[in-house]
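# Close look at the chain arrangement
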Amino acid sequence: MTSTDPHRTTEDPGPWGSPQLERSREPGGGYAAARLRLLDQETRPGPPRRTALARLTDDWLAALHAAADPPRGTALVAVGGYGRGELSPRSDLDLLLLHDGTADPAAIAALADRLWYPVWDLGLTLDHSVRTPAEARRTAADDLKAHLGLLDARPLAGDLGLVAALRTAVLADWRNQAPRRLPALRELCEERAERHGELPHLLEPDLKEARGGLRDTTALRAVAASWLADAPRDGLAEARRTLLDVRDALHLTTGRATDRLALQEQDQVARALGLLDADTLLRHVYEAARTIAYASDVTWREVHRVLRARSARPRLRSLLGSRASRPQPERTPLAEGVVEMDGEAVLARTARPERDPVLPLRAAAAAAQAGLPLSRHAVRHLATTARPLPVPWPADAREQLVTLLGAGEPTRAVWEALEAEGLITRLIPDWERVRCRPQRNPVHTWTVDRHLVETAVRASSLTRRVGRPDLLLVAALLHDIGKGWPGDHSVAGETIARDVAVRVGFDQADAAVLATLVRHHLLLVETATRRDLDDPATVESVARVVGTAATLELLHALTEADALATGPAAWSTWRASLVADLVKRVAAALAGDAPPAAEPAAPGAEEERLAMEALRTGGPVLGLHAETAPDDGGPEPVGVELLIALPDQPGVLPAAAGVLALHRLTVRSADLRAIDLPTELGATGSVLVLNWRVAAEYGSLPQPARLRADLVRALDGSLDVAARLAARDAAYPRRRGVQAPPPRVTVAPAGSAARATVLEVRAQDAPGLLFRIGRALEDAGVRVRSAHVSTLGANAVDTVYVTGPGGAPLPGAEAAEVARGVERALS
């Protein structure tokens, strides 16, 4: 609280000498000795000691007030932290001398002297003011911090009715002014967090001012007092108590009124609290701060929602009339079982967590990709009702994890929401050892677990540089997972990464790549900065470790993401250039062993049967095979294998892909190949066979008859697929969501395939993506000979084999122009 009042100053220590001797004989003169005895009682730490210290101080100040012969209509009031009854050993005393304005100003000034000087004489820090109720309310109206302090006003002595009236008026003012005050309070909290950082991740955190600290709990109390919203209660009181206990120990250890938990004091503070060591202390602090930070995020979102609804209600009444019923919030589908409502991702009414073990990951991935927070109520419901995932995970669960990790910046908040309810350690048990684990290396900005998430966030922007973005993102999440175990974290992490990879459903080959990336995630930067790159042995040693060009490109991207997520001192233009030079040399050494790009395998018996039927009928033939997973309540569809065979003709790929997009079928993978079959007349007929693995966006399986009819119409031109897709996009405009890296289309080296030009397409997966690729190739006048399509999380990695009209590979310049055309179409 601030004031220009002559009786309010926090710097004047008071006169010393004979007046001090006189005041020492005033009632309450034994306060200093009693206070010292109380703080020396090691058997009463925590809330009992804070309460006892507040009560002792109350009695002393009340005695001072009584001995001062106060005029009628005055009261001594505790505000702020002291008003809440929470006094740490070195806490300020926040006091208000309240008077009704009827007493002589000289008498009020004399009373203030009799109250403030004994406090200063004991060396206590005092924050004080002298005001009438009207002055206090005016000050609160102009000063948000003063208003917050008055919300906790508590009478110590004097006219209790005067204090009660002020409290009632201040609370009423707060509630009436909430639409204006709460946004200002939120802005204040955000500015403070910007200045002091995030308490859950700082090596020397400020227990009070940092995000997730004690100031945030005070803000949450103020929000609750407004009656607009309330913070999640689970664990919040305990988290606040933990931070207060640590601050008490810090005050007693240092003998100073400090809130910063400096490195040199952490071991002593840990011993004072009976904890094993400084790392254990920090983990306790981080756990508490995360609870508070998450509660703050949830509460401020609710405040925003309520205020937005209030501001919209008068406009709705004027439009619809005073008797209009309250409109229901709009629910927009995001994924199977997940919808957007009121700016959050929530569960759909038809969601069945008890029968859908993938739903927690699907909800998280959908929220992150849409750039939305995941509703706390949804997360809690999932945590209590969702079935555990089988081990190994089904393919859909692995895809949803990769999609979540690849969402970029929104991944953080969604991951924190899952962690708050214990879902992360349920999905990945090894996460428990790195959760809230501090890193003593000053280069590191974050705790181990937050660093891993930050690395995944950084890696999401590098996914266009690698052929397996799923392996890059998972390696980013796991590269330091061994720091929870003794010894070399890279060695321990290799074993853990292999186990986690198998758990989440990667095959043995992919698990081996992930283990290699984790084991050697420091190899490139350490070699580039410490070894002679002109020495062939240096390059050969790295080439032996990585083994393949694909692993090398993954390791290069992981190295950059890891360094960027570590801190500003870990990556520089110089380091980046050295690593790039090393990678270029190793890639050249590996180039001689690079195998040609593999074309799709030969058709199977079912594909040949459909191809013969298509050749006989002259039209498309479809085959559908639904994959199911056993469940206590009956089989549940988890995906569909769709086979399409039809005589070779222009426009097949965009037509088929467009029809699937119109039916809201998401393509997980696809193979396209042209096969030549003998006709009844002895000639050879060319048939295109497309093998799709698809999933329904919102659970409904496709109808083969409708798919075939729409495909026929798309091929003969009576169904304008592009217009239909554009109309649907216009009806449901895309939300802001994730800012994905731009698409990248490259031409593979000429030796990759002897009979075709190979285009590699890496882009963000989206409805109609394959349709746009196919149409761009058709516009370029090239023939698609075969294709292999993969969807890895939110990333599409497609390899397309194309030829010119005569069936020969494209010349270099023409191939580059086709690649640029596809890239423009996807942008």
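Here the structure is a predicted model, which means the values were calculated and not measured.

### A closer look at the overall build of the chain
Looking only at helices and strands, the chain has 32 helices and 15 strands in total. A separation of at least 24 residues holds for 71% of the contacts in the chain among residues at least 6 apart in sequence. Accessible area of the chain: about 37100 Å², with a carbon and sulfur share of 52%.

### Details of the environment of Gln 703
In this structure, Gln 703 sits in the loop between strand S11 (684-696) and helix H29 (704-716). Accessibility expressed as a relative area gives 47% for Gln 703, which makes it partly exposed.

### Considerations on the pattern of salt bridges
Tallied over the entire structure, the rule returns 52 salt bridges. Of the charged contacts in the structure, one is a salt bridge between Arg 305 and Asp 342, with a shortest N-O distance of 3.9 Å. With Arg 305 in helix H13 (residues 278-320) and Asp 342 in the loop between strand S6 (338-341) and strand S7 (344-347), this residue pair connects regions lying 37 residues apart in the sequence. Accessibility expressed as a relative area gives 25% for Arg 305, which makes it partly exposed. You can call Asp 342 partly exposed: its relative accessible area is 30%. Of the charged contacts in the structure, one is a salt bridge between Glu 454 and Arg 412, with a shortest N-O distance of 2.4 Å. Here the residue Glu 454 occupies a position in helix H19 (residues 448-460), and Arg 412 occupies one in helix H17 (residues 411-420), the gap between them amounting to 42 residues. Of the two residues, Glu 454 and Arg 412, neither departs from the other in class, the shared state being buried. Within this structure, Glu 198, Arg 211, Asp 297, Glu 409, Arg 412, Glu 416, Arg 450 and Glu 454 form a network of salt bridges that share partners.

### What about the confidence of the model for the chain?
Model confidence for the chain is summarised by a mean pLDDT of 87, while 88% of its residues fall at 70 or above. Per-element confidence in the chain ranges from a low mean pLDDT of 36 for helix H1 (residues 18-24) to a high of 98 for helix H20 (residues 469-478). Contacts from residues 1-28, a stretch scored under 50 in pLDDT, to residues over four places away or in other chains number 52 contacts. Per-residue pLDDT stays below 50 along residues 629-638; that stretch engages in 19 contacts with residues further than four places along the chain or on separate chains.

### Here's the deal with the packing of aromatic side chains
Following the criterion strictly, the structure yields 3 aromatic pairs and no others. Measuring from ring centre to ring centre gives 5.1 Å for Tyr 117 and Trp 120, while their planes differ by 75°; the resulting arrangement is edge-to-face. Placement of both Tyr 117 and Trp 120 in helix H5 (residues 105-121) is noted, with a separation of 3 residues, approximately one turn of the helix. In terms of burial, Tyr 117 and Trp 120 fall into one category: buried.

### Side note on the nonpolar core
With 93 residues, the main nonpolar core has Leu 374, Trp 415, Trp 431 and Val 586 as its most contacted residues. No other element matches the 9 residues that helix H14 (residues 359-370) contributes to this core. Sequence-distant contacts of Leu 374, that is, excluding residues within four places in its chain, are made with Arg 301, Ala 345, Ala 363, Ala 364, Ala 367, Val 379, Val 414, Ala 417 and Leu 418. Membership of the second largest hydrophobic core comes to 51 residues, among which are Val 640, Leu 688, Val 761 and Ala 787.

### Concerning the sheet that holds strand S3 (residues 126-131)
Strand order across the open sheet formed by 4 strands is S3-S2-S1-S4, with mixed pairing between neighbours. Lying at the two open borders of the sheet, with one neighbouring strand each, are S3 and strand S4 (154-158). The average undirected angle you get between the axes of adjacent strands in this sheet is 25°. Along the sheet face, helix H8 (residues 160-176) touches strand S1 (74-78), strand S2 (93-99) and S4 and points at about 105° away from the line of S2.

### Things to note about H8
Its 17 residues give H8 an end-to-end C-alpha distance of 24 Å, which sits within 8% of 24 Å, the value for a rise of 1.5 Å per residue. Among the residues of H8, those classed as buried are Leu 162, Val 163, Leu 166, Ala 169, Val 170, Leu 171, Asp 173 and Trp 174. Where H8 begins, the side chain of Asp 159 points an oxygen toward the backbone nitrogen of Gly 161, at a separation of 3.1 Å.

### Regarding unusual backbone geometry
Of note, the bond from Val 391 into Pro 392 is cis; its omega dihedral lies within 30 degrees of zero at 0°. Its place among the elements puts Pro 392 in the loop between helix H15 (376-385) and helix H16 (395-405). Phi angles above zero are rare outside glycine, and Asp 69 is one such case at about 55°. By the element assignment, Asp 69 lies in the loop between helix H3 (47-67) and S1. Within the chain, Cys 436 stands out as a residue other than glycine whose phi angle is a positive 60°. Tracing the sequence through the fold places Cys 436 in the loop between helix H18 (423-427) and H19. You can call Cys 436 buried: its relative accessible area is 0%.

### Some words on the sheet that holds S7
Strand order in the open sheet formed by 3 strands is S5-S6-S7, and the pairing between neighbours is antiparallel. Taken across any chain shown, the strands that pair with only one partner, and hence form the sheet edges, are strand S5 (332-335) and S7. The mean inter-strand angle of the sheet, taken between neighbouring strand axes irrespective of direction, is 45°. Of the strand pairs in this sheet, S6 and S7 are connected by 4 bridges, and their pairing is antiparallel. Among the inter-strand pairings, Met 341 is bridged to a residue of S7, identified as Glu 344.

### With respect to the environment of His 451
Residue placement: His 451 occurs in helix H19. You can call His 451 buried: its relative accessible area is 0%. Those residues in contact with His 451 that lie beyond four places of it in its chain are Gln 439, His 444, Trp 446, His 479, Asp 480, Asp 562, Ala 565 and Thr 566. Within the structure, the side chain of His 451 is placed 3.5 Å from the side chain of Asp 480, a separation counted as a polar contact. At 3.3 Å, the side chain of His 451 forms a polar contact with the backbone oxygen of Ala 565.

### Considering the pairing of S1
With respect to burial, S1 is a largely interior element, 5 of its 5 residues being buried. Inspection of the sheet shows S1 paired to S2 by 5 bridges, in the antiparallel sense. Opposite Ala 75, over in S2, you have Leu 98 as the bridge partner. Note: S1 against S4, 4 bridges, orientation antiparallel. By the bridge assignment, Leu 76 is partnered in S4 with Ala 157.

### Observations concerning the side chain of Ser 91
Assignment of secondary structure puts Ser 91 in the loop between helix H4 (80-83) and S2. Given a relative accessible area of 14%, Ser 91 falls into the buried group. Here Ser 88 takes part through its backbone nitrogen, which lies 2.8 Å from a polar atom of the side chain of Ser 91. Excluding residues within four positions of it along the chain, Ser 91 makes contact with Arg 247 and His 251.

Reading the values: rules and limits
Residues numbered from 1 in each chain as written. Predicted model: local features only at pLDDT ≥ 70, side-chain atom pairs only at ≥ 80, totals over all residues. Heavy atoms only, no water. Helix = DSSP H or I, 4+ residues; strand = E, 2+ residues; numbered from the N terminus. Contact = heavy atoms within 4.5 Å. Areas by Shrake-Rupley, 256 points an atom, 1.4 Å probe, with all protein chains shown as cover. Buried < 20%, exposed > 50% of the residue type's maximum accessible area, 1.4 Å probe, protein only. Salt bridge = Lys/Arg side-chain N within 4 Å of Asp/Glu carboxyl O. pLDDT = per-residue confidence, 0-100. Phe/Tyr/Trp six-rings, centres within 6.5 Å; stacked < 30°, edge-to-face > 60°. Core = buried A, V, L, I, M, F, W, Y, C linked by side-chain atoms within 4.5 Å. Pairing = 2+ DSSP bridges. Axes fitted to C-alpha atoms, helices over the stretch in contact; angles between N-to-C directions. Expected span 1.5 Å × (residues − 1). Polar contact = N/O pair within 3.5 Å; in protein donor to acceptor, adjacent residues only side chain to side chain.

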